[in-house]
Amino acid sequence: GHEHHGGHGGHGGHGGHGGHGGHGGHGGHGTAAPAPPSRIASSAILTTAGGLDAHPLFAETLLNRALELSTQPAEETIILTAHGVGDDKRNASWYVTLKALAEEMVQAGGDAFRGIEYGTWREDWPAKRKPEIKRLRGIVEAASANGGRAIVVPARTLGTGPEAELLKGLDFLLGSGFAPHPNFAKWVEMMADEALAELTLLPSKATPPHPEDAAATEESGEAASSR
């Protein structure tokens, strides 16, 4: 029997997009109180630039998490887990993303594993979570039967979710999410560049919201001269 390493990482991390990860300091103009660095990723970028989705850097990192725990890939199944949402349509789109991530992982070398499975917890919605938890527990049980091993990897920005608690009593290894990892820093940079590129495509002649802004603009070299 394999030791159950699911315990550490605990559950306290659920929803924890704060704290370390991301090089967030620059960009603040020294006026507003600085937000926690990872707010850049979890808030601004996740909403404006479309979120993590099945980004190749995310997929590669999740595969790395599994490889860190792997000893015999041919006997091991990777199980990606995500938080999910209450709304059925939106949760279905999570499954589409997880499927795409699994496919990206296969392309990046994950085909060495016995398989890659996935599912959402929906743990914040009592009516929805029971079948999801049952399904994921079944996948983990099947993966760890007959000499196989289950490697559970949370498809999330930071740390782990409720895996250790919701898979209690089962035999599995538990990885962690996207950050901290060099790919996460790369991804944040790419998303920031994309967001900036989108901003520069906005119409340049926006009406200044306050008259004093207009005056200030005219003083600084007539940048706003309309031709």
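For the structure itself, look to the data block above.
Definitions and cut-offs
- As a convention, each chain's residues are numbered from 1 in the sequence order in which they are written.
- Reporting of local features is limited, given that this is a predicted model, to residues whose pLDDT is at least 70; pairs of side-chain atoms are given and counted only at 80 or more, and all residues count toward the totals for whole chains, interfaces and linings.
- Side-chain measures were taken over the full set of non-hydrogen atoms in the model, leaving aside hydrogen atoms and water.
- At least two bridges found by DSSP between two strands are what make those strands a pair.
- Going along the chain from the N terminus, every DSSP run of H or I of four or more residues is numbered as a helix, and every run of E of two or more is numbered as a strand.
- The contact criterion used is simple: two residues touch if any of their non-hydrogen atoms lie within 4.5 Å.
- Comment: axis = line fitted to C-alpha atoms, over the contacting stretch for helices; angle = value between 0 and 180 degrees taken between N-to-C directions.
- Here the aromatic set is Phe, Tyr and Trp, taking the six-membered ring for Trp, and pairing holds for ring centres within 6.5 Å; pairs whose planes are under 30 degrees apart are stacked, those over 60 apart are edge-to-face, and all others are tilted.
- Three labels apply to residues, based on accessible area from a 1.4 Å probe with only protein chains included: buried if under 20% of the type maximum, exposed if over 50%, partly exposed otherwise in between.
- Take the residue count of a helix, subtract one, and multiply by 1.5 Å to get its expected span.
- If an angle is under 35 degrees, it is roughly parallel; if it is over 145, roughly antiparallel; if it lies from 65 to 115, roughly perpendicular; otherwise it is oblique.
- Residue polarity is assigned by list, with Asp, Glu, Lys and Arg as charged and Ala, Val, Leu, Ile, Met, Phe, Trp, Tyr, Cys and Pro as nonpolar; anything else, Gly included, falls into the polar class.

### Things to note about the sheet that holds strand β4 (residues 173-174)
Across a sheet, paired strands are connected by hydrogen bonds in the backbone, their directions being either parallel or antiparallel.
Right, so step 1: One open sheet accounts for 4 strands, arranged β2-β1-β3-β4; its pairing is parallel. Across the chains shown, the open sheet's two edge strands, defined by having one partner strand only, are β2 (115-120) and β4.
Right, so step 2: Strand direction decides the pairing type here: strand β1 (residues 76-82) and strand β3 (residues 149-154), joined by 6 bridges, are parallel. The residue of β3 that forms the bridge with I78 is I151.
Right, so step 3: Running at roughly 145 degrees to β3, helix α2 (residues 56-69) makes contact with β1, β3 and β4 of the sheet.
Right, so step 4: In the packing of helix α3 (residues 88-107) onto the sheet, the strands contacted are β1 and β2, and the crossing angle to β2 comes to about 160 degrees.

### A look at the packing of aromatic side chains
Each aromatic ring pair is characterised by the separation of its centres together with the angle its planes make.
Right, so step 1: Per the stated rule, a full pass over the model turns up 5 aromatic pairs.
Right, so step 2: An angle of 35 degrees between the planes, with centres 4.9 Å apart, marks the rings of F58 and F178 as tilted. With F58 in helix α2 and F178 in the loop between β4 and α6 (182-200), this pair connects stretches of sequence that are 120 residues apart. This pair shows no difference in class: F58 is buried, exactly as F178 is.
Right, so step 3: Arranged with centres 5.8 Å apart and planes meeting at 55 degrees, the rings of F178 and W187 form a pair that is tilted.

### Details of unusual backbone geometry
Right, so step 1: Here R122, not a glycine, exhibits a phi torsion of approximately 50 degrees, which is positive.
Right, so step 2: Phi at N146 takes a positive value of approximately 50 degrees, unusual for a residue other than glycine.
Right, so step 3: Counting through the fold element by element, N146 comes out in the loop between α4 (126-144) and β3.

### So, α2
Right, so step 1: The end-to-end C-alpha distance of α2 is 20 Å, a good match for the 20 Å that 14 residues give at a rise of 1.5 Å each.
Right, so step 2: Buried within α2 are the following residues: L57, F58, A59, T61, L62, L63, R65 and A66.
Right, so step 3: For α2, the elements touching its buried residues are β1, α3, β3 and α6.

### Observations concerning the packing of α2 against α6
Right, so step 1: Two elements in contact, α2 and α6, have axes whose closest approach is 9 Å; the angle formed by their N-to-C orientations is 170 degrees. As judged from the angle between their axes, α2 and α6 are roughly antiparallel. The segment α2 lies against α6, with L57, E60 and T61 engaging N183, K186, W187 and M190.
Right, so step 2: Here the residues of the contact of α2 with α6 sort into 3 nonpolar, 2 polar and 2 charged.

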